[in-house]
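What the coordinates show
If you want the building blocks of each chain, they are given just below.
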Amino acid sequence: MEMMSELDVTEQTAKDLGLTADEYARIVGVLGRTPTYTELGVYSVMWSEHCSYKNSILQLKTLPRTGSRMLVAAGEENAGVIDIGQGYGVAFKIESHNHPSAVEPFQGAATGVGGILRDIFTMGARPVAALNSLRFGDPDTPRTVYLIKGVVSGIGHYGNCFGVPTVAGEVYFDRCYTDNPLVNAMAVGVVRADGIASATAKGVGNPIFIMGSATGRDGIHGASLLASREFDDQTESMRPTVQVGDPFAEKLLLEATLELIDAGVVVGIQDMGAAGISCSTSEMSAKGGVGMRIDLDKVPLREADMSAYEIMLSESQERMLVVVERGKEEHAARIAAKWDVPFVAIGEVTNDGMIYVTRHGKAVAHIPAQSLVLGGDAPVYVREQRKPEYLDLTNVAVDPGPILHQQEATAALRALLASPTIASKRWIYEQYDSQVGTNSVLRSGGDAAVIRIKEVPGKAVAVTTDCNSRYVYLNPYRGGMIAVAEAARNCVCVGALPVAITNCLNFGNPYDPEVYWQFAEAIRGMGDACRTLDTPVTGGNVSFHNESQHHAVYPTPTIGMLGLIDDVSTVVGNAFTQADQNIVLLGWQREELGGSEYMKVIRHRVLGDAPSLSIDDEVRLQRCVLDAIRSGVVRAAHDCAEGGLLVCLAEMCFGRGIGADVVVDTPHRAGYLFGEAQSRIVVEVSDERIGDLRAAAQEAGVPMEVLGRTGGTTLHVHDLIEVDVEDLRSTYERALPNIMTSEVES
Amino acid sequence: MKAAVVTFPGSNCDADARHACALAGIDVAAAWHKDGALPADTDLVILPGGFSYGDYLRTGAIARFSPIMADVVRFANNGGLVLGICNGFQILCESGLLPGALVRNSGLSFVCKDVYLRTESTSTPFTSTLEKGALLRIPIAHGEGRFVADANTIDELEAQGRVAFRYCNADGSVNVDANPNGSANNIAGIVNAGGNVLGMMPHPERYAEALLGCADGMNVFASLVQHYAAAAPTTLVSSQ
């Protein structure tokens, strides 16, 4: 077969596209000849970390990935699906869009949302919730304020117009993210268990359609070059590799896709995200054990003179590859036309396992599909690991601090409430439509969001994202474990049983042995926590090369957790509900300051070990609290997390402006008041039910301490603090707006 | 009572409007923007929220040219009940069924939050179960919800009691602090001269059940049901 190459290909060409000399030799070996330029481009994107997981898959395989509730397991399809009963499932997944967001925050974040939504609806699931997990530098520089504004408006722009409620998220600020912010987007959808679509091509002779927007020159090499390098002075020149999103086109694509799947005309379907046509054709073919013949002349283009290379690598948004059952083309086309979505046949399924691509009537690529994908010939690397040297410096004992008196304690509480990581994120989440769909029972500001499932009366799901990366930095194994435990705890605090996670693993350069050690250790911790909590991993995404000027970001394995609620009427929030109720701490109170927000904000140090965690204790605590919520014993619950016990109490006061009157019957050390010991939940319980709670805690072996009572208008800690709740709330609410608006004026 | 909820390309609150109608006991028929006519026996048309045509050009500016809008205008001009919520309000203004326009929020950002509304007019079919001055807590979610009109139009709306809802504080007071988007006179919703067409930026369908935090929005749907029950069948407008 005569192949046409637009450029002569050498090993250097391969290196310019991000491939190594060994990988180039491997490609030549697979093909038995020199690849064409288009083929080389396809390999460069398909063998990038983003598509092949070549540096991460050996670690990922150690995670627990099976469970009785799994309808679709990790790696099988675009997202995992959990059985919620009565013939319905919930699909959910989290993905990063860090590098595009660093270069072009609005479009980078917007297309991150668009991409994860497509992963959900390509499976036949209607998106019912979106979440996001963001990391920025300390917000004292114009660049950080610019990034926050761009990312937040990009997320809002896409989700609001598309019509999915953005219901929860988390935002942390730390200097390590100044040049390389993290933007992780999660989506959740509901699907009929018998209506789950598959990204598999089958049936020789079945036509292949491209559905959605025309293909342009945006996003070329987004996955292989932009996402596979660190940030430096050249990064600005990568702006054209960022895709441009159109949420209106995606909304129409959503409706057309769901209607097509529902009509039973679809054999297989996959969205086009990273690596566009290259990825969707090769993955669908490899999974079905078939090949595809693709005529690029038929692909609707934004610019007529695009080359085969550009068309194959374009990451233009809002596109799907659909294999339609032969004979049902017209039915399919009618549905697409109803929604005004372009729908064009570009090829057909073949039996030889080859991706055969033509442009202007000439062959430009002829590649075995299996050779491109994970599980096929894509390379798999064992990377060197080495315990980082910095741990010798950070891992020192941290004094739980002197006994604090009124002035220092009040000042510390105020400083923590004003710290952007802890402060109210209202300025951000009020820019997101959090209610469209009319399923949002609990939204941003709570421990987890709760989404009612209309299709299954009474049923709801809880969703949350979590990762304290400072803990992971100080102790990757335990930090990974805490990220899972805390996400589960957040679900429990609203009354949901944690059932599964998705993860987004944001790390530095995997070729740095110290980074890779962090990666392996964090995964080991996550795996141990997931096994004990019985929350398998349903999928996710790996983002390496989050570095700038040779400084990696903190290792940030973001956890997206799904919890199940059988009776939505039992859901509780984290605000005190009424006066004259008992305030009770359940769990293991300790004096620890390592890795705490207090250490960062008050002492300006990132030091010590991550908080201690016994995952078995954690499970006992969670079961105890979940039972208490489900049986109506507990009326409000809040996880004791960043900022420790006093911040937790203040936040519980803020919801309805109900004060608290508590006695802390120990020396008032910083480590006790502001430490971030794990496995603690503060609950509100009535006098009538406190006996039930005590009995349950005793039986579960969970320590229980009555701290005091709700009521009044102040947060009053006897012999230590008494401040008006409104006063504290004002500090908490004003912190972020002050930062964001001061920039406008300057 | 039978409502037709119109779906435009980019509508995303159409299912929510249908859900709220069902909760209120209103029968619902879906209506498609490409249809030439409303479903038979339509008693109420709802233009739902969303981003019809992606808000391209101007909010509501393209939707008003959808084939079905000619029949919606005819239906309204014959006295038929039309409720436009958020993007639906924008479309009503663009199509000339309501005066004024909705422009970029004064804060320049999209805002999604609960607001309080003070019921200003109780003589409309949409507010008939409410007391004058009744407070409703209902969410807004828009980037372009700032109601503007020339001074004469505003005066006319006020003089004729056509301001249905006004943004207010939790205590019912109306001032600039309670105005989430810079709307003239804190106007959140208005009716046409006949009182049969209501446009409002807040989303009553989002707070139609206590499970979601508040059921104040149900008042609008309950008013419509009561109005329909009170009206003699012969006086009802048919879409035919």
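How each quantity is defined
- Residues numbered from 1 in each chain as written.
- Chains lettered and ligands numbered in written order.
- Predicted model: local features only at pLDDT ≥ 70, side-chain atom pairs only at ≥ 80, totals over all residues.
- Heavy atoms only, no water.
- Helix = DSSP H or I, 4+ residues; strand = E, 2+ residues; numbered from the N terminus.
- Rg over C-alpha atoms; globule rule 2.2 N^0.38 Å.
- Buried < 20%, exposed > 50% of the residue type's maximum accessible area, 1.4 Å probe, protein only.
- Contact = heavy atoms within 4.5 Å.
- Areas by Shrake-Rupley, 256 points an atom, 1.4 Å probe, with all protein chains shown as cover.
- Lys, Arg positive; Asp, Glu negative; His and termini not counted.
- Charge placed at Lys NZ, Arg CZ, Asp CG, Glu CD.
- Pairing = 2+ DSSP bridges.
- Axes fitted to C-alpha atoms, helices over the stretch in contact; angles between N-to-C directions.
- Parallel < 35°, antiparallel > 145°, perpendicular 65-115°, else oblique.
- Left-handed = near helix turned anticlockwise from the far one by under 90°.
- Nonpolar A, V, L, I, M, F, W, Y, C, P; charged D, E, K, R; others polar.
- Phe/Tyr/Trp six-rings, centres within 6.5 Å; stacked < 30°, edge-to-face > 60°.
- Lys NZ or Arg CZ within 6 Å of the ring centre and 35° of its normal.
- Buried area = accessible area lost by both parts, 1.4 Å probe.
- Salt bridge = Lys/Arg side-chain N within 4 Å of Asp/Glu carboxyl O.
- Polar contact = N/O pair within 3.5 Å; in protein donor to acceptor, adjacent residues only side chain to side chain.
- Expected span 1.5 Å × (residues − 1).
- Domains from an automatic or database assignment.
- 1 Å grid on protein atoms, 1.4 Å probe; cavity = no way out; pocket = protein on both sides within 12 Å on 5 of 7 lines; lining within 4 Å.
- Points joined across faces, edges and corners; volume = space filled by probe spheres on them.
- Disulfide = S-S within 2.5 Å.
- Core = buried A, V, L, I, M, F, W, Y, C linked by side-chain atoms within 4.5 Å.

What follows covers the overall build of chain B. The helix and strand tally for chain B stands at five helices and eleven strands. Its C-alpha radius of gyration of 16 Å places chain B within 12% of the 18 Å reference for a compact globule of 240 residues. A burial count over chain B gives 58% of its 240 residues as buried. Residue pairs in contact within chain B that sit at least 24 positions apart in sequence constitute 76% of those at least 6 positions apart. Of the accessible surface of chain B, which amounts to about 8500 Å², a share of 51% is contributed by carbon and sulfur atoms. Charged side chains of chain B number 15 positive and 22 negative; the gap between the two group centres comes to 4 Å.

Okay, the sheet that holds strand 7 (residues 135-142) of chain B next. Residues and elements named next belong to chain B. Here nine strands make up an open sheet; going across it, the order is 2-1-3-4-11-10-9-6-7 and the pairing mixed. Edge positions in the sheet fall to strand 2 (27-32) and strand 7, since each of these pairs with one other strand and no more. Strand-to-strand, the axes of this sheet are offset by a mean angle of 25°, without reference to chain direction. Across six bridges, the pairing between strand 1 (residues 2-7) and strand 2 is parallel. When the bridges of strand 2 are listed, threonine 7 appears paired with tryptophan 32.

Let us look at the packing of helix 17 (residues 476-494) of chain A against helix 18 (residues 513-533) of chain A. Residues and elements named next belong to chain A. Between helix 17 and helix 18, the least distance of the axes is 6 Å, while the angle of their chain directions is 40°. As judged from the angle between their axes, helix 17 and helix 18 are oblique. As helix 17 packs across helix 18, the resulting crossing turns out to be right-handed. Counted together, Pro476, Tyr477, Gly480, Met481, Val484, Ala485 and Ala488 of helix 17 and Trp517, Gln518, Glu521, Ala522, Arg524, Gly525, Met526, Asp528, Ala529, Cys530 and Leu533 of helix 18 form the full contact between these two elements. Partitioned by chemical class, the residues of the contact of helix 17 with helix 18 number twelve nonpolar, three polar and three charged.

A few words on the packing of aromatic side chains. Residues and elements named next belong to chain A. Under the definition given, this model contains 17 aromatic pairs over all chains. Between the aromatic rings of tyrosine 43 and tryptophan 47, the centroid separation amounts to 5.0 Å while the plane-to-plane angle is 75°, which identifies the pairing as edge-to-face. In this structure tryptophan 47 comes out as buried when scored by relative accessible area, which is 0%. Taking the centre distance of 5.5 Å and the plane angle of 10° together, the rings of tyrosine 598 and phenylalanine 674 count as stacked. Here the residue tyrosine 598 occupies a position in helix 19 (residues 597-601), and phenylalanine 674 occupies one in the loop between helix 22 (670-673) and strand 25 (680-685), the gap between them amounting to 76 residues. Using a relative accessible area of 0% as the deciding quantity, one classes phenylalanine 674 as buried. Clustering of aromatic rings is evident, with ring pairs tying together Tyr177, Tyr390, Tyr473 and Tyr554. A cation sits over an aromatic face here: arginine 26 above tryptophan 47, 5.8 Å from the ring centre.

Turning our attention to the interface of chain B and chain A. The interface is formed by 28 residues belonging to chain B together with 28 residues belonging to chain A. Where chain B abuts chain A, roughly 2200 Å² becomes buried across the two surfaces, and 58% of that area is made up of carbon and sulfur atoms. In terms of surface lost to chain A, no three residues of chain B exceed Cys112, Leu211 and Leu212 of chain B, which account for 23% of the buried area on that side. Of the charged contacts, one joins aspartate 433 of chain A and arginine 206 of chain B as a salt bridge, the two residues approaching to 2.9 Å between their closest N and O atoms. Our count for the chain B to chain A interface comes out at 13 residue pairs in polar contact (both at pLDDT 80 or more). Listing elements by their share of the side of chain B that touches chain A, those giving two or more residues are helix 1 (14-24), strand 6 (111-119) and strand 7 of chain B.

The subject of this paragraph is the sheet that holds strand 28 (residues 721-724) of chain A. All names here are of chain A. With respect to topology, seven strands assemble into an open sheet ordered 23-25-22-26-24-27-28, the strand pairing being mixed. Strand pairing shows two members of the sheet lacking a second neighbour, strand 23 (634-639) and strand 28, which therefore form its edges. Adjacent strand axes in the sheet meet at a mean angle of 20° when their direction is disregarded. As paired strands, strand 22 (residues 582-587) and strand 26 (residues 704-710) are joined by five bridges and run antiparallel to one another. Note that in strand 26 the partner of leucine 585 across the bridge is glutamate 705.

All names here are of chain B. With 13 residues, helix 5 (residues 218-230) should cover 18 Å at 1.5 Å per step; its first-to-last C-alpha distance of 18 Å lies within 8% of that length. The set of residues buried in helix 5 consists of Met218, Val220, Phe221, Ser223 and Leu224. In the core, the buried residues of helix 5 are packed alongside helix 1, strand 3 (44-47), strand 4 (81-85) and strand 9 (163-168).

Attention now moves to the domain arrangement of chain A. Segmenting chain A into domains produces domain 1 (1-65 + 197-379) and domain 2 (417-432 + 573-746). Its C-alpha centre places domain 1 of chain A at a distance of 48 Å from the equivalent point of domain 2 of chain A.

All names here are of chain A. Inspection of every chain in the model, using the stated rule, returns three cavities of 30 Å³ or more. Empty space within the largest cavity amounts to approximately 60 Å³. Lining the largest cavity, in full, are Tyr172, Phe173, Asp174, Thr421, Asn468, Ser469, Arg470 and Tyr554. Listed by contribution, the elements that provide at least two residues to the lining of the largest cavity are strand 5 (166-173) and helix 16 (469-474). When its residues are assigned to classes, the lining of the largest cavity shows three nonpolar, three polar and two charged.

Take the state of the cysteines next. By the definition in use, this model includes zero disulfides over all chains. Considering cysteine sulfurs only, cysteine 648 of chain A is the nearest to cysteine 640 of chain A, which forms no disulfide, with 4.2 Å between them. Counting only cysteine sulfurs, cysteine 168 of chain B is the nearest neighbor of cysteine 214 of chain B, a cysteine outside any disulfide, at a range of 13 Å.

Residue and element names in this part refer to chain A. Within the secondary structure, isoleucine 501 sits in strand 17 (residues 497-506). Along the backbone, isoleucine 501 and proline 667 are 166 residues apart, and their C-alpha atoms lie at a distance of 39 Å. Setting aside residues up to four positions removed in sequence, isoleucine 501 forms contacts with Phe92, Cys530, Thr535, Pro536, Val537, Thr538, Gly539, Ile559, Gly560 and Met561.

All names here are of chain A. Mapped onto the elements of the fold, lysine 425 is located in the loop between helix 14 (406-418) and helix 15 (426-429). The side chain of lysine 425 is buried and forms no salt bridge, while glutamate 651, the nearest opposite charge, is found at 7.3 Å. One polar contact links the side chain of lysine 425 to the main-chain carbonyl oxygen of threonine 421, over a distance of 2.7 Å. Those residues in contact with lysine 425 that lie beyond four places of it in its chain are Val171, Phe173, Pro420 and Leu736.

Another aspect to go through is helix 21 (residues 644-654) of chain A. For helix 21 of chain A, a buried count of eleven out of eleven residues is recorded, marking the element as mostly surrounded by other parts of the structure. Every buried residue of helix 21 of chain A is accounted for by Gly644, Leu645, Leu646, Val647, Cys648, Leu649, Ala650, Glu651, Met652, Cys653 and Phe654 of chain A.

On to the nonpolar core. Of all hydrophobic cores here, the largest spans 130 residues; its most connected members are Met211 of chain A together with Ile46, Leu83, Leu117, Phe165 and Phe221 of chain B. Counting contributing residues, this core receives three or more from each of domain 1 (1-65 + 197-379) and domain 2 (417-432 + 573-746) of chain A. The next biggest cluster of nonpolar side chains, apart from the first, holds 50 residues, and it includes Ile208, Cys279, Ile346 and Ala365 of chain A.

A few words now on the pattern of salt bridges. For the structure shown, the criterion picks out 56 salt bridges over all chains. Arginine 166 of chain B serves as the salt-bridge partner of glutamate 158 of chain B, at 2.7 Å between the closest nitrogen and oxygen. Its relative accessible area of 27% is what places glutamate 158 of chain B among the partly exposed residues. Classification of arginine 166 of chain B as buried rests on a relative accessible area of 10%. Here the residues in one salt-bridge network are Asp138, Asp140, Asp174, Arg175 and Lys600 of chain A, joined through shared partners.

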